[in-house]
Amino acid sequence: MAEAIQSSAEHTLENQRLGPLQIRVAALCTLVQICDGYDINSIGVAVPQLTHAWNLPGPAFTTAFVWSSIGILVGALSSGPIGDRTGRKPLLLASIALFGVASLLTAYAGSLTMLAVLRFFTGVGIGGAMPGTVALTGDYTPQRWRATVIMATFTGAPIGGFLCGQVAGLLLPSFGWSGIFIVGGVVPLLILVALVFWLPESPRFLAAKDALTPRQTALLRRLDLRPGQSAATLDLANANPIAMLFGKGYALQTMLLLIVFFCSLMNLFLFAYWLPQVLHLTGLTPAEAARASSYRDLGAIFAVLYLGYLIDRSGPERALALHYAAGIIFIGAIALFAMPYSLLAIVIFLSGMTIIGSQTGANATAGALYPARMRTSGIGWALGIGRLGGIAAPMLGGWLLSLGLPPREIFLSACGFALIAAIATALLVFRGERTQQLVARQAAE
């Protein structure tokens, strides 16, 4: 496995410059992430008005939340082998088309069952798109900047979540809940057209092909690569990528990342699904609750300004572990203290900076620690198994509310999950000498 890493082609890719081509790929992947973030949050901000429109209690929508997360799990787990064996671009195009159409159809759902079915298919598309963007961004980024650029790309998810809350605040009074899903469907389908023409395939897949278009050949030349290279000179999957995740040198890293992603996404989805409804139950209107919730995603955007850089320079076991631990303070403040709206918005902002910001850092960590041959599978499985936390989160929130707890106190459970994520991230320092040796070779060549 080390041979491909040591080849001249891999040396060129791992040390490519960060120029206009690489920035274009990262920018287009960021647009995909914006759509992902918007559509993940759309159901959460729609529920406060749906409870009145359909005359249903908030916990009744747990079904839609759960099936949305199940869809993301299915999409994330299945996308890894597809992206690592057949290419990143086809995976991305199919995923965006799926969640765009499903979101658009959600606007016309007339029952809870139909809402859950459409949220499942929306989730499948979202689950496939996320690993694809990480892998493609990583393929076009030099190793020394990989975590920083991947994390910058993942600003799209919190930007999308923030825009979803702001758009919902504008649309709900005049157009109702369906307007949220119409926007969430039309915009991805428009972006899909742009991706068909402007998003390139991974350079490793292009270099291994014999028949290329003139445009693809010119792209490889920009990267100082020649077409028609032997697959042995490229870091492409020549075995089952999932088996490699749990093989020698990567097993401990994979298991720790699965724990981190489970706990991290448990918290992310607990807040994404239940924060708008909890704020509504404590006295805010649906529009006010949507806007206040959106500051969580705004905080996550701010985290990108420094966390990716710290991960690249000091490692996730230090920077990311401390970031998860800091989140406990702000989660506890939301759960335990009644605050005026302005102070609440600030604390939500800081909780988003540490909760969602840490998850963005975990995405960047997985994209940077796994080599190209298993990069889509690595992030896909981390996100997929993590989505078990996303499935448990809405059920946990609904169950705690049904027990009669004061609404905000349901978030106290998130403190424990943040602590576990911090500990598991810190233990990445023991992820294995072989993995560290491979990364060191990449950096030295």
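These figures come from a predicted structure and were not determined experimentally.

Let's shift gears to unusual backbone geometry. In this structure, N55 takes a positive phi of about 55 degrees despite not being glycine. Looking at where N55 falls in the secondary structure, it is placed in the loop between helix 3 (20-53) and helix 4 (62-86). Under the relative-accessibility criterion, N55 is labelled exposed at 68%.

Inspection of every chain in the model, using the stated rule, returns three salt bridges. With its nearest N and O atoms 2.8 Å apart, the salt bridge here joins D139 to R88. Separated by 51 residues along the polypeptide, D139 in helix 6 (residues 112-139) and R88 in helix 5 (residues 88-106) bring together distant segments of the chain. Each of the two residues, D139 as well as R88, counts as buried. Among the charged side chains, a network of salt bridges with common partners joins R88, D139 and R204.

The full count for this structure, using the stated rule, is twelve aromatic pairs. Relative to F120, the ring of W67 has its centre 5.8 Å away and its plane inclined at 80 degrees; by these criteria the two rings are edge-to-face. Here the residue W67 occupies a position in helix 4, and F120 occupies one in helix 6, the gap between them amounting to 53 residues. Residue W67 is classed as partly exposed on the basis of its relative accessible area of 40%. For the pair F120 and F121, a centre-to-centre distance of 5.2 Å together with 80 degrees between the ring planes defines the contact as edge-to-face. In this structure an aromatic cluster arises from ring pairing among W54, F61, W177 and F181.

What counts and what doesn't
- Residues numbered from 1 in each chain as written.
- Predicted model: local features only at pLDDT ≥ 70, side-chain atom pairs only at ≥ 80, totals over all residues.
- Heavy atoms only, no water.
- Helix = DSSP H or I, 4+ residues; strand = E, 2+ residues; numbered from the N terminus.
- Buried < 20%, exposed > 50% of the residue type's maximum accessible area, 1.4 Å probe, protein only.
- Salt bridge = Lys/Arg side-chain N within 4 Å of Asp/Glu carboxyl O.
- Phe/Tyr/Trp six-rings, centres within 6.5 Å; stacked < 30°, edge-to-face > 60°.

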